[in-house]
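Notes for the structure review
This is what each chain is made of:
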Amino acid sequence: MKVEDAGKVADAVKLVDTYGRKINYLRLSVTDRCNMRCRYCMPETGVGKLSHHDVLSYEELHRIARAAVALGVEKIRVTGGEPLVRKGIVPFLAGLSAIPGLKQLVLTSNGQLLEEMAGDLRAAGVQRLNISLDSLDAERFGAITRVGDLKRVLAGIAAADRAGFPVKINMVVMRGVNDDEIEAVASLALEHPYAVRFIEYMPSGREESWQSLVVPGSEILERLSARFQLQQLAPAELAGPAREYRVAGAVGTVGIITPVTGHFCADCNRIRVTSTGKAKSCLFSGGELDLKPFLAEGDAALLEDALRRIVEGKPGRHQLTAESAEHTPFLMSAIGG
Ligand code: SAM
Ligand code: SF4
């Protein structure tokens, strides 16, 4: 085969949507259950227990991951709910990390179980951890997460660092709730090699007057710039939508993620699959496709076709603006953020 023909074959398996965006990032949720109840993500009573039959088995999740990688996905983020509460997660991750062609396996966690599990996650081949941390004040942390223990997250972050993980810390910024801690949380990057990122609060449940909770990324940046000397960094390979900054005199970096006010849709490279097998091309727009029928057939070609279809239907951008939300309300814990 001529080299240019081989190139064409390689291009044909790539997932490219109708807007020309190359889709190379899969967010794979392994559970909708969680050991916290963050106010912006889950009802206080938690979520109804899905039956064993509804949740995909690890074998089914592996099949989806392999099909996605065969189509050009290079990065998989395992998420939830809280991924570390699902039994057998470590061997599952080891299986994922062994998929030929997968360049990055990363995981998002609330950190509650990390102190015990960080070493095993590293040994399983997870390359990076994103850890959620919305407050450094124990009482406030408890109020936001309803049942979370700040000490456990901080111990988890330290354990992840010791285990050799590059650590990203994610803070969902909410006006009047925790926005007075932006500078304090950013200061964690001064002495630790952490990438600390600030995420605009998203109205997944279309709560009334949700706009009042959103602190626009531009304002977060202004506040960080007033306190620290920042220099914008070029995006890393397979980077997500964060704008990252070097902080003068700091070991770590800070970043801002603007799902509400920013228009990173133009560079969106992701699809999502929930723990019940629903593939989604956008958090806020477009439909979803149930992958279960294609898994039952056990035919990789059918599954790949289904993934191609979800990518073909990916909208150009979501219809969420700083003024209005036009999506159907959903539980972030069910989709994986
Ligand atoms: N349990 C893990 C955790 O909390 O890191 C992983 C799942 S959680 C759904 C993934 C990410 O979504 C977390 O960083 C969380 O803070 C974020 N998230 C959840 N609801 C959100 C919301 N309404 N607005 C912005 N971020 C949200
Ligand atoms: Fe659980 Fe993560 Fe949702 Fe908090 S944000 S309730 S930790 S899934």
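Just so it is clear, the structure is predicted and the values come from calculations on it, not from any experiment.

Not every one of the 19 residues close to ligand 1 is listed here, only the nearest: Y40, G81, T108, S132 and M202. One of the backbone nitrogen or oxygen atoms of M202 is found 2.8 Å away from a nitrogen atom of ligand 1. About the coverage of ligand 1: the protein hides 95% of its 550 Å² of free accessible area. Of all the elements in the fold, those that place two or more residues in the shell around ligand 1 are β3 (104-109) and β5 (167-173). For the shell around ligand 1, the class distribution of residues is six nonpolar, eleven polar and two charged.

The next subject is helix α9 (residues 217-227). Within the span of α9, buried status applies to G217, I220, L221 and L224. Considered in projection along α9, the buried side chains sweep an arc of 100 degrees and stay on one side of the axis. Away from its buried face by more than 90 degrees, α9 exposes E222 and A226. The inward-facing, buried residues of α9 contact β5, α7 (182-186), β6 (195-200), β7 (230-232), β8 (243-247) and β9 (253-257).

Quick look at the sheet that holds strand β11 (residues 278-280) now. Across the sheet, twelve strands lie side by side as β7-β8-β9-β6-β5-β4-β3-β2-β1-β10-β11-β12; this open sheet has mixed pairing. Two strands lie at the open edges of the sheet, namely β7 and β12 (288-290), each paired on one side alone. Recorded for the sheet is a direction-independent mean angle of 25 degrees between the axes of neighbouring strands. Across four bridges, strand β4 (residues 128-132) lies against β5 in parallel orientation. Paired with L129 across the strands is V167, a residue of β5. Lying on the sheet, helix α3 (residues 89-97) is in contact with β1 (25-29), β2 (75-79) and β3; it crosses β2 at an angle near 170 degrees.

Looking at the secondary structure, you find M117 in helix α4 (residues 114-123). Residue M117 is classed as buried on the basis of its relative accessible area of 16%. For the pair M117 and L84, spaced 33 residues apart in the sequence, the C-alpha separation amounts to 8.3 Å. Apart from residues lying up to four places away in sequence, M117 is in contact with L84, I89 and V90.

Counting through the fold element by element, R128 comes out in strand β4. No salt bridge forms around the buried R128; measuring N to O, its nearest opposite-charge neighbour E244 is 8.0 Å away. Apart from the residues within four sequence positions on either side, R128 is in contact with K75, R77, Q104, L105, V106, L107, F165, P166 and K168.

Relative orientation of the contacting elements α3 and α4 amounts to 25 degrees, with a least axis distance of 9 Å. With respect to α4, the axis of α3 lies roughly parallel. Here α3 runs over α4; the crossing is right-handed. For the pair formed by α3 and α4, the contact residues are I89, V90 and L93 on the first element and M117, D120 and L121 on the second. The residue inventory of the contact of α3 with α4, partitioned by class, reads five nonpolar, no polar and one charged.

Turning next to the state of the cysteines. Per the stated rule, a full pass over the model turns up zero disulfides. A disulfide-free cysteine, C282 has its sulfur positioned 6.3 Å from the sulfur of C265, the nearest such atom. Judged by relative accessible area, C282 falls into the buried class, the value being 11%.

In this section: helix α11 (residues 300-312). The terminal C-alpha atoms of α11 lie 18 Å apart, and with 13 residues this matches the ideal 18 Å at 1.5 Å per residue to within 8%. All buried positions along α11 are accounted for by L303, E304, A306, L307, I310 and V311. Down the axis, α11 shows its buried residues gathered within 155 degrees of arc, on one side only. Capping of α11 at its N-terminal end is provided by D299; its side-chain oxygen lies 2.9 Å from the backbone amide nitrogen of A301.

If charged atoms from side chains of opposite charge come close, those side chains can pair. For the structure on display, the rule yields 13 salt bridges. Close ionic contact of R66 with E59 constitutes a salt bridge, the shortest N to O distance being 3.6 Å. A relative accessible area of 41% places E59 in the partly exposed class. If you follow the salt bridges from partner to partner, you end up with R175, D179, E183, E219 and R223 in one network.

Bringing the nonpolar core into the picture now. Ranked by size, the top nonpolar core spans 92 residues in total, and within it I76, V78, F92, L93 and F198 carry the most contacts. Looking at which element gives the most residues to this core, the answer is helix α2 (residues 58-70), with seven residues. When sequence neighbours within four positions are dropped, the list of residues in contact with F198 reads M171, V173, I182, V185, A186, I220, L224, V254, G255, I256 and I257.

Calculation criteria
Per chain, residues are indexed from 1 in the order of the written sequence. Written order decides the labels, with chains lettered from A and ligands numbered from 1. Per-residue local features are limited, in this predicted model, to residues with pLDDT of at least 70; the limit for side-chain atom pairs, both in listing and counting, is 80 or more; totals at the level of whole chains, interfaces and linings are taken over all residues. Hydrogens are left out, water is left out, and the side-chain values use all remaining heavy atoms of the structure. Any residue with a heavy atom lying within 4 Å of a molecule or strand is counted as near it. As used in this structure description, the phrase polar contact means that two N or O atoms lie within 3.5 Å; if the pair is within protein, one of them must be able to donate a hydrogen and the other to accept it, and residues adjacent in sequence are counted only when both atoms belong to side chains. Accessible surface area values rest on a Shrake-Rupley calculation with a 1.4 Å probe, where residue burial reflects the displayed protein chains alone. Secondary structure elements follow DSSP: runs of H or I no shorter than four residues count as helices, runs of E no shorter than two count as strands, and numbering proceeds from the N terminus. Note that Gly is not counted as nonpolar here; it falls among the polar residues with everything else outside the nonpolar set of Ala, Val, Leu, Ile, Met, Phe, Trp, Tyr, Cys and Pro and the charged set of Asp, Glu, Lys and Arg. Only protein chains enter the calculation, and the probe is 1.4 Å; a residue is then buried if its accessible area is under 20% of its type maximum, exposed if over 50%, and partly exposed in between. In this description, one arc is meant: the one made by directions from the helix axis to the C-beta atoms. The criterion used for residue contact is that any of the two residues' heavy atoms lie within 4.5 Å. At least two bridges found by DSSP between two strands is the condition for calling them paired. For helices, the fitted axis covers only the stretch in contact; all axes are lines through C-alpha atoms, and the angles between them, taken along N-to-C directions, range from 0 to 180 degrees. Counting rule for charge: Lys and Arg are taken as positive, Asp and Glu as negative, and neither His nor the chain ends is counted. Salt bridges are identified by distance alone: a Lys or Arg side-chain nitrogen within 4 Å of an Asp or Glu carboxyl oxygen. Angular relationships are summarised with four words: roughly parallel below 35 degrees, roughly antiparallel beyond 145, roughly perpendicular across 65 to 115, and oblique for the angles in between. A clockwise turn of the near helix away from the far one marks a right-handed crossing, whereas an anticlockwise turn of less than a right angle marks a left-handed crossing. Count a disulfide wherever a pair of cysteine sulfur atoms falls within 2.5 Å. Multiplying 1.5 Å by the residue count of a helix minus one yields the expected span of that helix. The term nonpolar core refers to a set of buried residues drawn from Ala, Val, Leu, Ile, Met, Phe, Trp, Tyr and Cys, joined through side-chain atoms within 4.5 Å.

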